[in-house]
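Inside the fold
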Amino acid sequence: MPGRFTRLAAVALTAAALLSPTLPAAPAHAGPVAEKEWREVFSPDGTISRVLVPARKPAALSRELVQKAAAAEVIPLQETGPSAQRFDLVIIGDGYTAAQMGLLRQHAESKWAEVAAVEPFKKYKNSFNVWLVNVVSNQSGVDNDPYGTTRDTALDMTFYCAGTARLLCLDTAKAQAYAAAAPQVDVILALGNSTTYGGAGYSGISTASGGNAQSGQIAIHEFGHSIGGLADEYYTAGTTYPGGEPGEPNVTTSASGAKWASYIGRATPDGGVIGAYQGGSQYEYGIYRPSENSLMRVLGRPFNLVGLDVMDRAIAAKAGGTPPGPCDALGQRRTGTLASGATAYQPDGNWYYTGASGTHRGCLDGPDAANFDLYLEKWSGSAWGTVATAATIGGDETLTYSGTAGYYRYRIVAGSGSGPYTLGYDVP
Ligand SMILES: [Zn+2]
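A brief structural summary. Only a predicted model underlies this, so the values are computations on that prediction, with no experimental measurement involved.

This part is about the overall build of the protein. Helix and strand counts for the protein come out as five helices and 20 strands. Sequence-distant contacts, at least 24 apart, represent 70% of the contacts inside the protein between residues at least 6 apart. Of the roughly 17,100 Å² of accessible surface on the protein, a fraction of 52% belongs to carbon and sulfur atoms.

Within the structure shown, the criterion is met by 14 aromatic pairs. Grouping aromatic residues by their ring pairs yields a cluster made of Phe 87, Trp 112, Phe 121, Phe 128 and Phe 223. Directly above the aromatic system of Phe 87 lies the positively charged group of Lys 318, at a separation of 5.2 Å from the ring centroid. The cationic tip of Arg 411 hangs over the ring face of Tyr 375; the distance from NZ or CZ to the ring centre is 4.2 Å.

The zinc ion binds to the protein through Glu 40 (OE), Glu 40 (OE), His 221 (NE2), His 225 (NE2) and Asp 232 (OD); the donor distances cover 2.0 to 2.6 Å. As a motif over one chain, the donors of the zinc ion read E-x180-H-x3-H-x6-D. Taken as a pair, Glu 40 in strand 1 (residues 36-42) and Asp 232 in the loop between helix 4 (216-226) and strand 9 (235-240) lie far apart in primary sequence, 192 residues in all. Glu 40 sits in the buried class, given a relative accessible area of 0%.

As used in these notes, a disulfide is a covalent bond between sulfur atoms, one from each of two cysteines. Throughout the structure, instances matching the rule amount to one disulfide. Here Cys 161 engages in a disulfide with Cys 169; their sulfurs sit 2.0 Å apart. Looking along the S-S bond of the Cys 161-Cys 169 disulfide, the torsion reads about -85°, which is the left-handed sense. Across the pair, Cys 169 and Cys 161 agree in class, each one buried.

Let's shift gears to a nonpolar patch on the surface. Together, Trp 351, Tyr 353, Trp 379 and Tyr 407 make up an exposed nonpolar region whose accessible area comes to about 440 Å². Looking at where Tyr 407 falls in the secondary structure, it is placed in strand 19 (residues 406-416). Using a relative accessible area of 36% as the deciding quantity, one classes Tyr 407 as partly exposed.

With that settled, consider helix 4. With respect to burial, helix 4 is a largely interior element, eleven of its eleven residues being buried. For helix 4, the set of buried residues is Gly 216, Gln 217, Ile 218, Ala 219, Ile 220, His 221, Glu 222, Phe 223, Gly 224, His 225 and Ser 226.

The subject of this paragraph is the sheet that holds strand 9. Pairing is mixed in the open sheet, where three strands are placed in the order 9-11-10. Both edges of this open sheet fall to strand 9 and strand 10 (277-280), since each of them pairs with a single strand only. Between one strand axis and the next, the sheet turns through 70° on average, direction left out of account. Two elements, strand 9 and strand 11 (residues 282-289), share three bridges in a ladder whose sense is parallel. Its bridge partner lying in strand 11, Tyr 235 is registered against Gln 282.

Okay, the pattern of salt bridges next. Counted by the stated rule, this structure contains 13 salt bridges. Two residues, Arg 409 and Glu 377, come together in a salt bridge whose shortest N-O distance is 2.6 Å. A residue pair is termed long-range when its members are at least 10 positions apart, and Arg 409 in strand 19 and Glu 377 in strand 16 (residues 371-379) qualify at 32 residues. According to the relative accessible area criterion, Arg 409 is buried, its value standing at 15%. Residue class for Glu 377 comes out buried when judged on its relative accessible area of 5%. By sharing partners, the salt bridges in this structure join Lys 123, Asp 312 and Asp 365 into a single network.

Look at helix 1 (residues 63-70) against helix 3 (residues 172-179): their axes get within 7 Å of each other, and the N-to-C directions meet at 40°. With respect to helix 3, the element helix 1 is oriented oblique. The segment helix 1 lies against helix 3, with Leu 65, Lys 68 and Ala 69 engaging Lys 174, Ala 177 and Tyr 178. When its residues are assigned to classes, the contact of helix 1 with helix 3 shows four nonpolar, no polar and two charged.

Quick notes on the rules
Residues numbered from 1 in each chain as written. Predicted model: local features only at pLDDT ≥ 70, side-chain atom pairs only at ≥ 80, totals over all residues. Heavy atoms only, no water. Helix = DSSP H or I, 4+ residues; strand = E, 2+ residues; numbered from the N terminus. Contact = heavy atoms within 4.5 Å. Areas by Shrake-Rupley, 256 points an atom, 1.4 Å probe, with all protein chains shown as cover. Phe/Tyr/Trp six-rings, centres within 6.5 Å; stacked < 30°, edge-to-face > 60°. Lys NZ or Arg CZ within 6 Å of the ring centre and 35° of its normal. Donors = N, O, S within 2.8 Å, 3.2 Å for Na, K, Ca; no water. Buried < 20%, exposed > 50% of the residue type's maximum accessible area, 1.4 Å probe, protein only. Disulfide = S-S within 2.5 Å. Patch = residues over 30% accessible without salt bridge, like charges linked within 9 Å, V, L, I, M, F, W, Y side chains within 5 Å. Salt bridge = Lys/Arg side-chain N within 4 Å of Asp/Glu carboxyl O. Pairing = 2+ DSSP bridges. Axes fitted to C-alpha atoms, helices over the stretch in contact; angles between N-to-C directions. Parallel < 35°, antiparallel > 145°, perpendicular 65-115°, else oblique. Nonpolar A, V, L, I, M, F, W, Y, C, P; charged D, E, K, R; others polar.

By themselves these figures say nothing about function.
What follows is the structure, given as structure tokens:
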């Protein structure tokens, strides 16, 4: 069955590499500029900048190649549900020979593990289908690895793209043809058979070195663009933003950060609190971002609270409104909605009784922008007393308590923020 592109977001062409060449003085806000295009370049410390490189026009595909691509073997690394209600990540490889399909699979699994370790992918791991397309190359490795070497490979991947050592480019038309062998295509991750750090980001396609443990961070940043529609939060020194209020949810011209007013002052996973920090979307002045150092600014860091919620909603919307939650593994489930400062008791405003000693497990899945806390209480015979507390920052909490027979209840408190929650719990 031929695949379809469903979510190719309108982000500018970008790309990434380790080296940090000299930037042009004034980066344009628009992407492609006649025969040239902007690409992201990553420095060894994770900082990101942009370079203008000559555009590479993909060659027209031969009928033979299209047929060969459509017939490529597809392996489901993870199939969690119908594609209409899932994000479909398609992983393809370049520079892997027929004898190296096992190595490609190993690289694909470790890259998915790297992505799925970062929120919100961790939380929504089961909202993704992950397909591996076994793209067979005639020769092993990619071009210019090391510099000056060439290989005959299926997707024409090459380092030293536009003269930048760690910029890993490929033929996007060929990549799309092979990815289309999967049942559905939402985003493509193309792995080069190399251990050299590097990668690139195109609209809907990220490249990364399959054998390098950190190169998946580039794909995570690119997913911020393609899934969440997030703007970059880094900037070029000395530049001033020339436009009106930008459409992206994580940059604003308002120095008070009114765009994300309900988040202001809250702790954010990338450190510090949400505010309005000067610089973003490539420009230093006249534009503000929600936090000092999120992964839209520096690789290897978490999304900030604003970006996290946007990603969360985008994935949940695609996942049919009922994304598998982190608390679903527990046997009992209750849902509710809390206003800021309010308290709820579960189950059902009541309590539960157990005649057994053993472990009570509670898990609260609340809004990421809120601070919800979870308490387990036990009846002493005359009053309720708290026996276990889960009160970290954020909307999600888990607790365990080893107790004797008796009456128990969960208390859920919205310390700040409001919204729906799910409580999962197990009774001994
Ligand atoms: Zn970016």
